[in-house]
Amino acid sequence: MPLALLALAVGAFGIGTTEFVMMGLLPDVADDLHTSLPTAGHLVSAYALGVVIGAPLLAAVTARMSRRTVLIGLMVLFVVGNALSALAPDQHTLLAARFLSGLPHGAFFGVGAVVATGLVAPERRARSVSLMFLGLTIANIAGVPAATLVGQHLGWRAAFLGVGAIGLLAITALALLIPHDRAHAPAVGLRGELAALRSLPVWLALGTTVAGFGALFAAYSYIAPMLTDAAGFAAGSVTVLLALFGVGATIGNLAGGRLADHAVRGTLFGGLTSLVVVLALFPVLMRAEWSAALAVVLLGAAAFVTGSPLQLMVMEKAATAPSLASSANQAAFNLANAGGAWIGGLALAAGFGTTSPALAGAALAVLGLAVAATAAVVDRRRAVPGRERVVAAHLPHHQERTHQPN
């Protein structure tokens, strides 16, 4: 695997850290800015909104540019957003800064996935995507806990300055390791690229992402009360247990990338089925500390097995606009974050018990399986060969590989 994937992983590590660190710093931010905790919670939503809006918008606007230049520019925007977050004098300014920080998130992963698949042989494309996502999963093991500790001891502003420093490191790595490539002039214009997202297969792939990862976030958003109220862990243990989720996510991500290089759709169905089983067993697994810790690892592994195959399938369905489609999938991921948390909250509010969000997540995972099955039927009826080698079949390797300058 080329070293350029390391640069993409460093960028993903910084983005993953800034996305999730706010959850641990909310009390400190609320106290410092003299606002309520629910109001401070809007900072999480502002970032997610930035991702949803920025992912397709920035990917479309930069479609004709050199992808190396786009990646570096997106990371510059990331650094600016985090620096402004650290300097924000009030809640409203911080909301705007968090929104700005979220704008490059989806486009970075979207464009990065296209670059990653173009750097390797066709039979290693899914693995290359999983290695880029490795930065995101490792952020949950090391980046988020470290940034939270910095914020708790040196102030939340120091945490965002630290994340900005990670962004500067990523810019350096991208500039040094990503090969130079030419500006792109797609055969279809911007209208044609947007039209590529209007097909049924694209929406079925995006729908699978929303339902599948919505299942994850329905449970994960309420994992802390499950661990403390149901499993009996002390509140101070939750941070360590969340790092176990990152371990599971890392294992699932790497396994999913390797398996998807052999069978994309089979890996997707296997991951979603595993997710249904794990979430359905949550009420039982949360009865003891050891099994609850195991459940956290299994949840991360089952969910992230599906990451690479979903990314590749969305890129294949909109082959004329792979960067735009890949970025749209990141927007779908964040819609899943918000929607899953909302559905899990409905289960709690209805009085179904502390572990009920996991059962709501299991239902969403079943929905994800149904959408994925529908997509398989649509593909079969269209009788297009080579579906398992999705990107290899539709994105010629010589077109996506970046080129060194003469």
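Residues numbered from 1 in each chain as written. Predicted model: local features only at pLDDT ≥ 70, side-chain atom pairs only at ≥ 80, totals over all residues. Heavy atoms only, no water.

(A) Expanded view of the overall build of the chain. Per the secondary structure count, the chain includes 19 helices and 0 strands. Among the 406 residues that make up the chain, the fraction classed as buried is 56%. The contacts in the chain between residues at least 6 apart in sequence include a share of 85% that link residues at least 24 apart. Surface summary for the chain: the accessible area is close to 15700 Å², and the carbon and sulfur share equals 70%. (Helix = DSSP H or I, 4+ residues; strand = E, 2+ residues; numbered from the N terminus. Buried < 20%, exposed > 50% of the residue type's maximum accessible area, 1.4 Å probe, protein only. Contact = heavy atoms within 4.5 Å. Areas by Shrake-Rupley, 256 points an atom, 1.4 Å probe, with all protein chains shown as cover.)

(B) How the structure looks around the nonpolar core. Residues Leu-8, Leu-174, Leu-216, Phe-282, Met-286 and Leu-299 are the most contacted members of the largest nonpolar core, which totals 86 residues. Those residues within four positions of Leu-8 in sequence are excluded, and the remaining contacts are Leu-71, Phe-108, Gly-112, Ala-116, Met-132, Leu-174 and Ile-178. With 16 residues, the next largest nonpolar core counts Val-21, Met-22, Ala-147 and Phe-160 among its residues. (Core = buried A, V, L, I, M, F, W, Y, C linked by side-chain atoms within 4.5 Å.)

(C) A look at a nonpolar patch on the surface. Nonpolar side chains collect at one region of the surface, where Leu-49, Ile-53, Leu-57 and Val-61 lie side by side and expose about 360 Å² of accessible area between them. For Leu-49, the location among the structural elements is in helix α3 (residues 42-61). The class for Leu-49 is partly exposed, based on a relative accessible area of 46%. (Patch = residues over 30% accessible without salt bridge, like charges linked within 9 Å, V, L, I, M, F, W, Y side chains within 5 Å. Salt bridge = Lys/Arg side-chain N within 4 Å of Asp/Glu carboxyl O.)

(D) Representation of the packing of aromatic side chains in the model. Applying the stated criterion across every chain yields a total of 8 aromatic pairs. In textbook terms, an aromatic cluster arises when at least three aromatic residues are bridged by ring pairs, as seen for Phe-213, Phe-217, Tyr-220, Phe-245, Phe-304 and Phe-333. (Phe/Tyr/Trp six-rings, centres within 6.5 Å; stacked < 30°, edge-to-face > 60°.)

(E) Focus on the side chain of Gln-91. Relative to the assigned elements, Gln-91 resides in helix α5 (residues 91-118). Judged by relative accessible area, which is 9%, Gln-91 ranks as buried. Those residues in contact with Gln-91 that lie beyond four places of it in its chain are Leu-33, Thr-35, Thr-39, Ala-40 and Leu-43.

(F) Here's a closer look at the environment of Ala-205. For Ala-205, the position within the fold is in helix α9 (residues 200-220). It is 6.7 Å that separates the C-alpha atoms of Ala-205 and Met-313, two residues lying 108 residues apart in sequence. The contacts of Ala-205, once residues within four sequence positions are left out, are Leu-310, Val-314 and Lys-317.

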